[in-house]
Amino acid sequence: MKAPISKSWPAPAKLNLFLHVTGRRSDGYHELQTLFQFVDHCDYLDFHVTETSDIRLHSKMSKVVADSDNLILKAAKSLKIAANYAGGADIWIDKLLPMGGGLGGGSSDAATTLVALNALWNINFPHQKLAEIGLSLGADVPVFINGYAAFAEGVGEKLQTVKVDEPWYLVIVPDVHVSTQQVFQHPDLPRQTPKLNLQSLMERTWSNDCQTLVANTYPQVANALSWLLEYAPSQMTGTGACVFGRFEHSQQALDTLAKLPDSMQGFVAKGLNKSPLLERLAQL
Ligand SMILES: C[C@@](CO)(OP(=O)(O)O)[C@H](O)COP(=O)(O)OP(=O)(O)OC[C@H]1O[C@@H](n2ccc(N)nc2=O)[C@H](O)[C@@H]1O
Ligand SMILES: Nc1ncnc2c1ncn2[C@@H]1O[C@H](COP(=O)(O)OP(=O)(O)O)[C@@H](O)[C@H]1O
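Residues numbered from 1 in each chain as written. Chains lettered and ligands numbered in written order. Predicted model: local features only at pLDDT ≥ 70, side-chain atom pairs only at ≥ 80, totals over all residues.

Per an unreviewed UniProt entry, the recorded name for the protein chain is 4-diphosphocytidyl-2-C-methyl-D-erythritol kinase, and the organism is Shewanella maritima. Per UniProt, the comment on the protein chain under Catalytic activity (unreviewed entry) is "4-CDP-2-C-methyl-D-erythritol + ATP = 4-CDP-2-C-methyl-D-erythritol 2-phosphate + ADP + H(+)". (UniProt positions renumbered as here; feature names shortened; annotations may be inferred.)

Right, dumping it as structure tokens:
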């Protein structure tokens, strides 16, 4: 009998509530201290398990990202190889998260693919093993697999689950693509923020070491930040370009979104300490 399509697997966005660059490794990667929280704004993926070994992605995304570069296909293929799995899958994605905005959408899509196919293919690797496979696809994949808001060190793979407030965020998506690689290669990036323990970090005002460099380079980011700072404590996520303001009540965030100038795009989302991916997995 043909397997049914397993629908609506969420791949949530993340925000870096703070991001410190504390050093540079000999392989060029940077040591970070960062705090990840999810938000309830997601891509959605559907999976159909097939007996034939092909893995196919059905999406308009293919016009923007070549299939050979797509992290969804890379994740599915890595899992198939690691588990020596004979079958395949058809995959559909409703791509709602902006790409290259520091919201981690590509990493989240990869994590959702690994978690969903691990279950649907009955591979049943522990999630620690999926995180190891995921790390080779992107530094942020493990936190999405782990599924809990986390303090991360190393390049983002050493995770400690944390519980923080779950406020509402207004996220502005500046109309510019910021390359993570270029930010990390830039000579002006501060790279020596002292490492602190988690308690000291939680008590400080949160900030992002990449923000000044990115705002100085991209006026769209600087404009979005200065607009949002009039309404709420605000900062950039990841290596940009998205910026977020923090609100206690959804209505405050929605009222501010309504005032957003036509030249800017944005959305309102709730902070989540538990990823909706884990809720979806529990429904299987
Ligand atoms: C720094 C963060 C914070 O969340 O930025 P965002 O991508 O979310 O904006 C992420 O860890 C990024 O993760 P991800 O986007 O998966 O990065 P990768 O694909 O692994 O790396 C892209 C490039 O950035 C550089 N890179 C990335 C991560 C890191 N800790 N040090 C680095 O120097 C490397 O040059 C690498 O080639
Ligand atoms: N499924 C995917 N979704 C988004 N981007 C992807 C995907 N697969 C590959 N990419 C590539 O990864 C880059 C970074 O994507 P994304 O994760 O959205 O941003 P960021 O790392 O800034 O949070 C994109 O510009 C795109 O070229």
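That shown, we press on.
K.L.:
I tried to follow the environment of Ala119 on my own but got confused; where do I start?
P.N.:
Take Ala119: it is sitting in helix H2 (residues 105-120). Judged by local crowding, Ala119 falls into the partly exposed class, with 17 C-beta atoms found within 10 Å. Along the chain, Ala119 and Ile91 lie 28 residues apart, while their C-alpha atoms are 15 Å from each other. Once residues within four sequence positions are removed from consideration, Ala119 is found in contact with Leu281 and Leu284. (Helix = DSSP H or I, 4+ residues; strand = E, 2+ residues; numbered from the N terminus. Buried ≥ 20, exposed ≤ 12 C-beta atoms within 10 Å, placed from the backbone. Contact = placed C-beta atoms within 7 Å.)

K.L.:
I'm lost on the UniProt feature "domain: GHMP kinase N-terminal" (unreviewed entry) in the protein chain in this one. Help?
P.N.:
UniProt records the feature "domain: GHMP kinase N-terminal" (unreviewed entry) at residues 70-147, using the numbering of this structure. Segment residues 70-147 splits into 56% helix and 9% strand. End C-alpha atoms: 22 Å apart.

K.L.:
What am I meant to see in the pairing of strand E5 (residues 150-153) here?
P.N.:
Each regular strand shows side chains that alternate between the opposite faces of the sheet. Pairing geometry for strand E2 (residues 30-50) and E5, over three bridges, is antiparallel. Across the sheet, the residue bridging to Phe36 is Ala150, located in E5. Two elements, E5 and strand E6 (residues 158-161), share four bridges in a ladder whose sense is antiparallel. Pairing of Ala150 across the sheet is with Thr161, part of E6. Hairpin connection from E5 to E6: four residues lie between these consecutive antiparallel strands, with Gly154 at a positive phi of about 70 degrees. (Pairing = 2+ DSSP bridges.)

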